[in-house]
Amino acid sequence: MLSIKNLQARVEEKEILKGISLEIGAGEVHAIMGPNGSGKSTLASVLAGRGGYEVTSGSVSFNGKDLLDFSPEERAQEGVFLAFQYPVEIPGVSTTNFMRTAINEVRNYRGQDEIEPGDFLKMMKEKMQLVEIDQKLLSRSLNEGFSGGEKKRNEIFQMAMLEPKLGILDETDSGLDIDALRIVANGVNKLKTKDNAFIVITHYQRLLDYIVPDFVHVLYKGKIVKSGTKDLALELEEKGYDWIIKEVQAAAV
Amino acid sequence: MAEDNKLLESLTQSEYKYGFVTDIEHESLAPGLTEETVRFISATKNEPEWLLEWRLNAYRHWLTLTTPTWQNVKFPVINYQDIIFYSAPKQKVKLNSLDEVDPELLKTFEKLGISLDEQKMLSGVAVDAVFDSVSVATTFREKLHEVGVIFCSMSEAVREHPDLVKKYLGSVVPFTDNYFAALNSAVFSDGSFCFIPKGVRCPMELSTYFRINASNTGQFERTLIVAEDSAYVSYLEGCTAPMRDENQLHAAVVELIVLDDAEIKYSTVQNWYPGDKDGKGGIYNFVTKRGNCLGKNSKISWTQVETGSAITWKYPSVVLKGDNSIGEFYSVAVTNNYQQADTGTKMIHVGKNTRSRIVSKGISAGFSQNTYRGQVKVLKRASGARNFSQCDSLLMGDTCGAHTFPYIEVDNPSAQVEHEATTSKIGEDQLFYCNQRGINTEKAVALIVNGYCKDVLNHLPMEFAVEAQKLLAISLEGSVG
Ligand SMILES: Nc1ncnc2c1ncn2[C@@H]1O[C@H](COP(=O)(O)OP(=O)(O)OP(=O)(O)O)[C@@H](O)[C@H]1O
Ligand SMILES: [Mg+2]
């Protein structure tokens, strides 16, 4: 589904991604871990097409299409969803209104008619239950005055509404209390099908107890330096990153 | 919410869509302004002597004045001898029914989305359609008549209700008020007159739609609305003009009078042709609007969405004479390309416990200049007066300007006056957030701007709100690279 080959990217003349290769198949969940500043959010941003990031080398193919060729909105319309590490506020625009606009844009791109108001409401209700989010929150200005946890939960709600093919969760677990974490993870698990895939960026093994990854990758200084199964995450939890960094340094010598 | 989205669907067009010209025969005066012009207009309308006198006094006063220059807008000197002061579509003198209105005119208004066919109108909005210098049709008159509401053209009001007109015309905005008020008083050609008698809640929205069609023509209309004790009316005003390379002058006067416990809600969606992207052409919209809250517990609420005109220069104001009276001003002013706007309000607190509220949202893009100018004045005997003002500016790009001039004058120590102001930009991260959900930048801007204006748009009647949201989006198209 997603095939990243030797991806290199820079921001403001600074090399951040230094050759990332990653194959993600349909139905898979990949966890990306790694120390602060290693480039995890940058990878997510480059995949989503955020401005200011210059891809200097490599390719990304998404369901056979060149993802890097698409504008950010086209990538979203093609089914890439990014749950932001820091969701932004849009005063005066409710989540409900925002979602209706987004869904209709995506439908329009796919040559479908606007969603019927009744269907939209039904869908809202269903997804609200899925992530146990309150109707009141959805009629407030998007993210304005939301608590950290509410923002994250709202991101997952939006993901549920848009039903992406590839969901990228950038530290959705940070700032969540235990209950919220379980709810969010359950939401993701219920959204999981054999046709979609998820990239879960996290610092904590805890989330991976709920969303069990098929693969775990460690990003360090803009490269994937180690990949493994869910056991790798457990090992990291226990030992930290030092041993991997030492391995990398040893290999470089 | 459903409306927000309807709007976002219809965003594909980018040109001023009302810029067409109706091919219709006009009866026009030759360009120029002399005492003869004033006499001609008055005679054409068979006006009584007092009104001619009033016009002539206004004209003579106007001759002594010079164009004001204090406002933050620039325009070349207007040569009043180049302007046609009266232009009317040729038709029978008196119309007995809508069937007699020139089909071209009906078509024109249909094209503008204004149906003058009562059968076809879905909602309860009565319309007075003003085409160049004259009112061509007023709908639902019978229905309004049944409850005692008078809604007709100004010319007709002068003929049919001379006492009312004489009593109130110029009582809020005298011709000595300012340069353009004097000019308007001398040459006004038509406009709407609304009278809501004591205790009547007007059963439908009243609306005037102004259309400039003829070239080189100025439009000078007067609107007069009177709400007697405990009466209520919601009045809407819309306007468009063809695209022309020359600038055209629109100098209107609006007067509102509200007696005890009465309320007028006045909404404007101003969409005069703004000129092209290089600043060529467009309407000069120099308008004096003022309301008198004469009675106790009376209320006037102005809501305006200003998207059109090359230059907008107006300050819908409220004089709060009656004790406990309320004045409100909700405004969205958008300027793009080379448009200029200097707009705001005056709230004059005269009576006790009077309250006013000002919410102004300016949006500037392109090379435009957008100024909020507002005055809050609390006179000595206005004890317990309260005002709250919120003036926000949104800048798109860095070649436009936003300016705020709040003037506050308080002569009563018990008054509470609060003023808040903010300036912001649409953030890259906000746009990307929308993009990431599949919303393109153009629509994202519309969404964000509509959110920003929500507190004002909320005060518009439903259908107007939808229209206004579309306009905001269209006006700002291409403003974010
Ligand atoms: N716009 C930018 N300008 C300059 N440097 C940037 C920019 N964006 C990211 N960087 C730098 O790139 C590096 C990687 O940042 P990134 O946000 O991708 O890290 P991360 O792995 O997500 O970290 P964290 O775990 O703290 O979220 C950091 O050194 C960061 O300072
Ligand atoms: Mg990060």
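Residues numbered from 1 in each chain as written. Chains lettered and ligands numbered in written order. Predicted model: local features only at pLDDT ≥ 70, side-chain atom pairs only at ≥ 80, totals over all residues. Heavy atoms only, no water.

Peer 1: Explain the interface of chain A and chain B here, please?
Peer 2: For an interface, size is often stated in terms of accessible area lost upon the parts coming together. On the side of chain B, 24 residues touch chain A, which itself brings 33 residues to the contact. With both chains or domains summed, chain A and chain B bury close to 2500 Å², and 62% of this area falls on carbon and sulfur atoms. The interface formed by chain A and chain B contains two salt bridges. Where B:Arg437 meets A:Glu155, a salt bridge forms, and the shortest distance between an N and an O atom there is 2.6 Å. Of all the secondary-structure elements, those providing two or more residues to the side of chain A that touches chain B are helix H2 (72-78), strand E6 (80-83), strand E7 (90-94), helix H3 (95-109) and helix H6 (148-162) of chain A. In terms of residue count, the dominant contributor to the side of chain A that touches chain B is H3(A) (nine residues). (Contact = heavy atoms within 4.5 Å. Buried area = accessible area lost by both parts, 1.4 Å probe. Salt bridge = Lys/Arg side-chain N within 4 Å of Asp/Glu carboxyl O. Helix = DSSP H or I, 4+ residues; strand = E, 2+ residues; numbered from the N terminus.)

Peer 1: I keep staring at the coordination of the magnesium ion (ligand 2) and nothing clicks. Help me out?
Peer 2: In ideal tetrahedral geometry, four donors around a metal make angles of 109.5 degrees, whereas ideal octahedral geometry with six donors gives angles of 90 or 180 degrees. The protein atoms that coordinate the magnesium ion (ligand 2) are A:Ser41 (OG) and A:Gln85 (OE1), at distances of 1.9 to 2.4 Å. Taken as a pair, A:Ser41 in helix H1 (residues 40-48) and A:Gln85 in the loop between E6 and E7 lie far apart in primary sequence, 44 residues in all. (Donors = N, O, S within 2.8 Å, 3.2 Å for Na, K, Ca; no water.)

Peer 1: How do you make sense of helix H4 (residues 117-130) of chain A when you look at a structure like this?
Peer 2: In an α-helix, one turn spans 3.6 residues; hence positions three or four apart end up facing the same way. All names here are of chain A. End to end, H4 covers 20 Å across 14 residues, agreeing with the expected 20 Å (1.5 Å per residue, within 8%). Elements that come into contact with the buried residues of H4 comprise H3, helix H5 (135-139), H6 and helix H7 (178-191). Of the residues flanking the end of H4, it is Glu132, one or two places downstream, whose phi is positive at about 45°. (Expected span 1.5 Å × (residues − 1).)

Peer 1: For this particular structure, what's the right way to read the sheet that holds strand E3 (residues 29-33) of chain A?
Peer 2: Hydrogen bonds between backbone atoms are what pair the strands of a sheet, whose relative direction is either parallel or antiparallel. All names here are of chain A. Strand order in the open sheet made by the six strands is E6-E9-E10-E3-E11-E12, with mixed pairing throughout. Each edge of the open sheet carries a strand with a single partner, namely E6 and strand E12 (223-228). Within this sheet the neighbouring strands show an average axis-to-axis angle of 20°, counted without direction. For E6 and strand E9 (residues 166-170), the ladder comprises four bridges, and the chain directions are parallel. Looking across to E9, one finds that Leu82 is bridged to Ile168. Against the sheet, helix H10 (residues 242-252) touches strand E11 (215-220) and E12, its axis set at about 120° to E12. (Pairing = 2+ DSSP bridges. Axes fitted to C-alpha atoms, helices over the stretch in contact; angles between N-to-C directions.)

Peer 1: What should I look at first to understand the sheet that holds strand E4 (residues 53-62) of chain A in this one?
Peer 2: All names here are of chain A. If you walk across this open sheet you meet the four strands as E2-E1-E4-E5, and the pairing is antiparallel. Edge positions in the open sheet fall to strand E2 (14-24) and strand E5 (65-66), since each of these has one partner strand only. Of the pairings in the sheet, the one linking E4 to E5 comprises two bridges and is antiparallel in character. Across the sheet, the residue bridging to Phe62 is Lys65, located in E5. H1 contacts strand E1 (2-11), E2 and E4 of the sheet and is inclined by roughly 110° relative to E1.

Peer 1: What should I look at first to understand the pattern of salt bridges in this one?
Peer 2: Between side chains of opposite charge, a pair can form when the charged atoms approach closely. Following the criterion strictly, the structure yields 25 salt bridges over all chains and no others. Here A:Glu13 and A:Arg10 are joined by a salt bridge, their closest N and O atoms 3.4 Å apart. Assessed through its relative accessible area of 66%, A:Glu13 is described here as exposed. With a closest N to O distance of 3.3 Å, B:Glu35 and B:Arg60 form a salt bridge. Of this pair, B:Glu35 sits in helix H2 (residues 35-44) while B:Arg60 is found in helix H3 (residues 49-63), placing the two residues 25 residues apart along the sequence. Residue B:Arg60 is classed as partly exposed on the basis of its relative accessible area, which comes to 37%. Within this structure, A:Arg10, A:Glu13, A:Glu15 and A:Glu54 form a network of salt bridges that share partners. (Buried < 20%, exposed > 50% of the residue type's maximum accessible area, 1.4 Å probe, protein only.)

Peer 1: What exactly am I supposed to notice about the site of ligand 1 here?
Peer 2: All names here are of chain A. Surveying the vicinity of ligand 1 reveals 15 residues, the closest of which are Ile16, Lys40, Ser41, Thr42 and His203. In the model, an oxygen atom of ligand 1 is placed 3.0 Å from a nitrogen or oxygen of the Asn36 side chain. Gly39 places a polar main-chain atom, nitrogen or oxygen, 3.0 Å from an oxygen atom of ligand 1. Calculation on ligand 1 without its partners gives an accessible area of 640 Å², and the protein chains cover 67% of this total. Contributing elements (two or more residues each) for the shell around ligand 1: E2 and H1. By residue class, the composition of the shell around ligand 1 is three nonpolar, eight polar and four charged. (Near = heavy atom within 4 Å. Polar contact = N/O pair within 3.5 Å; in protein donor to acceptor, adjacent residues only side chain to side chain. Areas by Shrake-Rupley, 256 points an atom, 1.4 Å probe, with all protein chains shown as cover. Nonpolar A, V, L, I, M, F, W, Y, C, P; charged D, E, K, R; others polar.)

Peer 1: What should I look at first to understand the pairing of E12(A) in this one?
Peer 2: Along a regular strand, successive side chains alternate from one face of the sheet to the other. Residues and elements named next belong to chain A. In this sheet, E12 lies alongside E11 in antiparallel orientation, the contact comprising five bridges. Bridging from a neighbouring strand, Val216 pairs with Gly228 of E12. The antiparallel hairpin formed by E11 and E12 contains two residues in its connecting segment, where Lys221 sits at a positive phi of about 50°.

Peer 1: Looking at this structure, how should I read the nonpolar core?
Peer 2: Note that soluble globular proteins tend to have their nonpolar side chains buried in a common cluster. Judged by nonpolar contacts, the single largest core of 111 residues is most densely connected at A:Phe98, B:Ile363 and B:Val449. Non-local contacts of B:Val449, meaning those with residues more than four positions away in its chain, are made with B:Ile363, B:Leu394, B:Met396, B:Ile426, B:Leu472 and B:Leu476. Counting 54 residues, the second-largest nonpolar core is a separate cluster that includes B:Leu33, B:Val38, B:Leu51 and B:Ala182. (Core = buried A, V, L, I, M, F, W, Y, C linked by side-chain atoms within 4.5 Å.)

Peer 1: Teacher, can you tell me more about the environment of A:Leu17 here?
Peer 2: Its location among the elements puts A:Leu17 in strand E2. When residues no more than four places from it in sequence are discounted, the contact partners of A:Leu17 are A:Leu7, A:Gln8, A:Ala9, A:Gly39, A:Thr42, A:Leu43, A:Val46 and A:Gly222.

Peer 1: Hey, could you run me through the packing of H4(A) against H6(A) in this one?
Peer 2: Angle between the axes and distance between the axes: these two values describe a pair of packed helices. Residue and element names in this part refer to chain A. H6 packs onto H4 with a crossing angle of 135° between their chain directions and a minimal axis gap of 9 Å. With respect to each other, H4 and H6 are oriented oblique. In this structure, the crossing between H4 and H6 has a hand that is right-handed. Contact with H4, carried on its side by Phe120, Met123, Met124, Lys127, Met128 and Leu130, involves Phe157, Ala160 and Met161 of H6 and no other residues of that element. Among the residues making up the contact of H4 with H6, the classes are represented as eight nonpolar, no polar and one charged. (Parallel < 35°, antiparallel > 145°, perpendicular 65-115°, else oblique. Left-handed = near helix turned anticlockwise from the far one by under 90°.)

Peer 1: How should I be thinking about the side chain of B:Ser192 in this particular structure?
Peer 2: Within the secondary structure, B:Ser192 is located in strand E6 (residues 192-196). Look past the residues within four positions of B:Ser192 in its chain and what remains in contact with it is B:Asp128, B:Phe151, B:Cys152, B:Ser153, B:Met154, B:Thr208, B:Arg222, B:Thr223, B:Leu224 and B:Tyr235.

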